[in-house]
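Letter by letter, the chains look like this.
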Amino acid sequence: MSIIYIIAAFASLLALVSYSFFIKEKISWFWVLFVAIFVVNIGYFLLSISDTLTTALNANRLSYLGSVILPFAMLMIILNASHLTYPKWLWLPLAVLSVPIFLVTASPGYLDIYYKKVTLITVNGVSILNKTYGNWHKLYMLYLIIYFITMIAVVLYATLKKKLTSTTQVIMLLGAVFVNICVWAIEQFINIEFEFLSISYIITELFLIGVYALVQETENRILLTQGQNHNKNTLNQLQPASVDFFLQGVSTLTYTEKLIYDLYIEGKSTQEVLSQMNIKENTLKYHNKNIYSKLGVSSRKQLKEFAKFILPPSK
């Protein structure tokens, strides 16, 4: 089991490093999540090799530190993935709330409110805490339950409001939550020597990264579609008569008007045109009026859009 714990810790560290170096569009809450999972797994590993109760309890505190932060980070990630609007300061009260919860879970060895009784035993060469839960253990259970319910509610609400339109995204987000619910419930009601949460947390990482990959792909596809629609709308405006008029108008531009026309196509600003042509603003306005009239356009923007789809800058 110690080997499994160290493999899980290495996997979570690898995920953190990979996210830091290979993902272009990063979300800060993923770093919090990855660090929390790494801390949890390191705590499990140190507990499994502890030879004294004090060392084991310190390792247990370390694993609880990550476990308390993890649902907080998961909720923030799900809120972002669901495209829901929420106060930017929401993370602060959630972070403050996690502090007393952690202090309760870290109390064994000092108080008997979380564990009534705890001893260190060795099973098959692996150290395990043999504990009897106290009344305040219910506080940590309530903390997790509230987070799990909130996460599910966020996903369902986002789906109802059509913020999440992909069935795959919804399934993966709910899957990330339900995997942890199931594993946590099993560990509460069945006496298992191995902490399966160490594995479920890594599965959670994969689910959430997968969701964000899908979200980013969807957003990129939408942006591409919007760009294509814009081009299509512009082309629709270019009726044959307008195209012919524009082409004929270009051929009738004077030498000065052609120079100004080319500068506009190159994206030069008004001040740049004035400087390069060495003319005054009133003179430019006069040329603009003639250019627009000859080309059948009403603005510089429309001129550029027509020219983009009809012909390159004149020489």
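Residues numbered from 1 in each chain as written. Predicted model: local features only at pLDDT ≥ 70, side-chain atom pairs only at ≥ 80, totals over all residues. Heavy atoms only, no water.

### With respect to the packing of helix H2 (residues 28–48) against helix H3 (residues 53–81)
Then, in step 1: In the contact formed by H2 and H3, the axes pass within 7 Å of each other and the chain directions differ by 155°. Classified by the interaxial angle, the pair formed by H2 and H3 is roughly antiparallel. Where H2 crosses over H3, the two elements pack in a sense that is left-handed.
Then, in step 2: Across the contact of H2 with H3, the residue classes tally to 22 nonpolar, six polar and no charged. (Axes fitted to C-alpha atoms, helices over the stretch in contact; angles between N-to-C directions. Helix = DSSP H or I, 4+ residues; strand = E, 2+ residues; numbered from the N terminus. Parallel < 35°, antiparallel > 145°, perpendicular 65-115°, else oblique. Left-handed = near helix turned anticlockwise from the far one by under 90°. Nonpolar A, V, L, I, M, F, W, Y, C, P; charged D, E, K, R; others polar.)

### Let's talk about helix H4 (residues 91–105)
Then, in step 1: For H4, which comprises 15 residues, the first-to-last C-alpha distance of 21 Å matches the rise-based estimate of 21 Å (1.5 Å per residue) to within 8%.
Then, in step 2: Every buried residue belonging to H4 is among Leu-94, Ser-98, Ile-101, Val-104 and Thr-105, and all of these are buried. Taken around the axis of H4, the buried residues stretch over an arc of 110°, which confines them to a single face. Away from the buried face of H4 by more than 90 degrees, exposed residues Val-96 and Leu-103 are located.
Then, in step 3: Looking at the buried positions of H4, the neighbouring elements they touch are H3 and helix H5 (137–160). (Expected span 1.5 Å × (residues − 1). Buried < 20%, exposed > 50% of the residue type's maximum accessible area, 1.4 Å probe, protein only. Arc of directions from axis to C-beta. Contact = heavy atoms within 4.5 Å.)

### With respect to the pattern of salt bridges
Any two side chains of opposite charge can pair, so long as their charged atoms come close to each other.
Then, in step 1: All chains considered together, the criterion is met by one salt bridge.
Then, in step 2: Between Glu-257 and Lys-294 there is a salt bridge whose closest N-O contact spans 2.8 Å. Of the two residues, Glu-257 is situated in helix H9 (residues 255–265) and Lys-294 in helix H11 (residues 281–295); the sequence distance between them amounts to 37 residues.
Then, in step 3: The exposure class assigned to Glu-257 is buried, which follows from its relative accessible area of 3%. (Salt bridge = Lys/Arg side-chain N within 4 Å of Asp/Glu carboxyl O.)

### Some points on the pairing of strand E2 (residues 126–133)
Then, in step 1: Note that strand E1 (residues 115–123) and E2 share eight bridges and pair antiparallel. Bridged to Val-118 within E2 is Lys-131.
Then, in step 2: Taking the residues between adjacent antiparallel strands as the criterion, E1 and E2 are bridged by two residues, where Asn-124 takes a positive phi near 55°. (Pairing = 2+ DSSP bridges.)

### A word on the packing of aromatic side chains
Then, in step 1: Here the structure, examined in full by the defined rule, presents nine aromatic pairs.
Then, in step 2: Geometrically, the ring pair formed by Phe-30 and Phe-34 is tilted, given 5.8 Å between the ring centres and 35° between the ring planes. With Phe-30 and Phe-34 both in helix H2 and four residues apart, this pair spans about one turn of that helix. Assigned by exposure class, Phe-30 and Phe-34 land together as buried. (Phe/Tyr/Trp six-rings, centres within 6.5 Å; stacked < 30°, edge-to-face > 60°.)

### Here's the deal with the side chain of His-287
Then, in step 1: Of note, His-287 is situated in helix H11.
Then, in step 2: What His-287 contacts, discounting residues up to four positions off in sequence, is Thr-256, Glu-257, Ile-260 and Ile-279.

### As for the nonpolar core
Then, in step 1: Counting residues in each nonpolar core, the largest one holds 51 residues, and the members touching the most others are Leu-33, Ile-78, Tyr-140, Tyr-143, Met-151 and Leu-208.
Then, in step 2: Breaking this core down by element, the ones donating at least two residues are helix H1 (2–22), H2, H3, H4, E1, H5 and helix H6 (167–189).
Then, in step 3: In terms of residue count, H3 provides more of this core than any other element does, 15 residues in total.
Then, in step 4: In terms of nonpolar packing, the next biggest core, distinct from the first, is built from 18 residues, Val-250, Tyr-292, Phe-306 and Ala-307 among them. (Core = buried A, V, L, I, M, F, W, Y, C linked by side-chain atoms within 4.5 Å.)

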